[in-house]
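Next come the chains, spelled out residue by residue.
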Amino acid sequence: HPILSGLSLTLVAAWFLIAAGAAKCWMGFSHRERRGWVWIAVNGALSILLGILIFSDFPGSGLWVIGLFLAIELMFDGCGAVGLAFAARDVGERLKS
């Protein structure tokens with residue numbers, strides 16, 4: 001049953017995006033004193049938005065949205081990781097001084 005499996009996977013992805021987005025927002029806002037926290041919070045907000053968009057057009061979205069939204073999520077996840085890496089590098093340089 002590939003269609004039923006695709007629809008089920010879409011629902012799982014939607015719940016995952018919402019849960020992961022909430023965790024990323026919490027992590028970003030809890031580290032406001034660090035540089036780059038905004039990227040983590042934006043990444044979390046985008047994840048929550050993508051999860052809600054999946055639910056709003058379900059079941060029609062179940063046939064095409066998995067690949068598109070997860071690709072967008074991964075691109076923003078990478079941007080957040082790069083921002084966090086730059087912030088960590090700055091902290092490391094300050095510790096050496």
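Before reading on, note that the structure itself is shown above.
Described below are features of the structure shown in this document. On a predicted model such as this, the values are computed, not experimentally measured, just so you know. (Residues numbered from 1 in each chain as written. Predicted model: local features only at pLDDT ≥ 70, side-chain atom pairs only at ≥ 80, totals over all residues. Heavy atoms only, no water.)

**Describing the overall build of the protein**
And then number 1: Along the backbone of the protein there are three helices and zero strands.
And then number 2: Moving toward the C terminus, one meets the helices and strands of the protein in the order α-α-α.
And then number 3: Considering only C-alpha atoms, the protein reaches an extent of 60 × 20 × 15 Å along its principal axes.
And then number 4: Expressed as a percentage of the 97 residues in the protein, the buried residues total 31%.
And then number 5: Here the analysis covers contacts within the protein between residues at least 6 apart in sequence; of these, 67% occur between residues at least 24 apart.
And then number 6: On the protein, roughly 6300 Å² of surface is accessible, and the fraction owed to carbon and sulfur atoms is 75%.
And then number 7: Mean positive and mean negative side-chain charge positions of the protein (7 and 6 charges, respectively) differ by 10 Å. (Helix = DSSP H or I, 4+ residues; strand = E, 2+ residues; numbered from the N terminus. Buried < 20%, exposed > 50% of the residue type's maximum accessible area, 1.4 Å probe, protein only. Contact = heavy atoms within 4.5 Å. Areas by Shrake-Rupley, 256 points an atom, 1.4 Å probe, with all protein chains shown as cover. Lys, Arg positive; Asp, Glu negative; His and termini not counted. Charge placed at Lys NZ, Arg CZ, Asp CG, Glu CD.)

**As for the layout of surface pockets**
And then number 1: Taken as a whole, the largest pocket spans an internal volume of roughly 160 Å³.
And then number 2: Together, Met27, Gly28, His31, Arg34, Arg35, Trp37, Ile40, Leu84, Ala87, Ala88 and Val91 line the largest pocket.
And then number 3: Counting only elements with at least two residues in the lining of the largest pocket, the list comes to helix H1 (2–30), helix H2 (37–56) and helix H3 (65–96).
And then number 4: For the lining of the largest pocket, the element with the highest residue contribution is H3, accounting for four residues.
And then number 5: Among the residues forming the lining of the largest pocket, the class breakdown is seven nonpolar, two polar and two charged. (1 Å grid on protein atoms, 1.4 Å probe; cavity = no way out; pocket = protein on both sides within 12 Å on 5 of 7 lines; lining within 4 Å. Points joined across faces, edges and corners; volume = space filled by probe spheres on them. Nonpolar A, V, L, I, M, F, W, Y, C, P; charged D, E, K, R; others polar.)

**Topic: the packing of aromatic side chains**
And then number 1: Applying the stated criterion to the full structure yields two aromatic pairs.
And then number 2: Between tryptophan 15 and phenylalanine 55 the ring centres are 5.1 Å apart and the planes differ by 65°, which places this aromatic pair in the edge-to-face class. Here the residue tryptophan 15 occupies a position in helix H1, and phenylalanine 55 occupies one in helix H2, the gap between them amounting to 40 residues.
And then number 3: Note on tryptophan 15: relative accessible area 57%, which makes it exposed.
And then number 4: On the numbers, 5.4 Å between centres and 50° between planes, the contact of phenylalanine 29 with tryptophan 37 is tilted. (Phe/Tyr/Trp six-rings, centres within 6.5 Å; stacked < 30°, edge-to-face > 60°.)

**Description of the packing of H2 against H3**
And then number 1: For the pair H2 and H3, the least separation of the axes is 9 Å and the interaxial angle reads 170°. What the angle tells us is that H2 and H3 run roughly antiparallel. Contacts between H2 and H3 involve Trp39, Ile40, Asn43, Leu46, Ser47, Leu50, Leu53 and Ile54 from the first element and Val65, Phe69, Ile72, Glu73, Phe76, Asp77, Gly80, Gly83 and Leu84 from the second.
And then number 2: Looking at the contact of H2 with H3, its residues break down into eleven nonpolar, four polar and two charged. (Axes fitted to C-alpha atoms, helices over the stretch in contact; angles between N-to-C directions. Parallel < 35°, antiparallel > 145°, perpendicular 65-115°, else oblique.)

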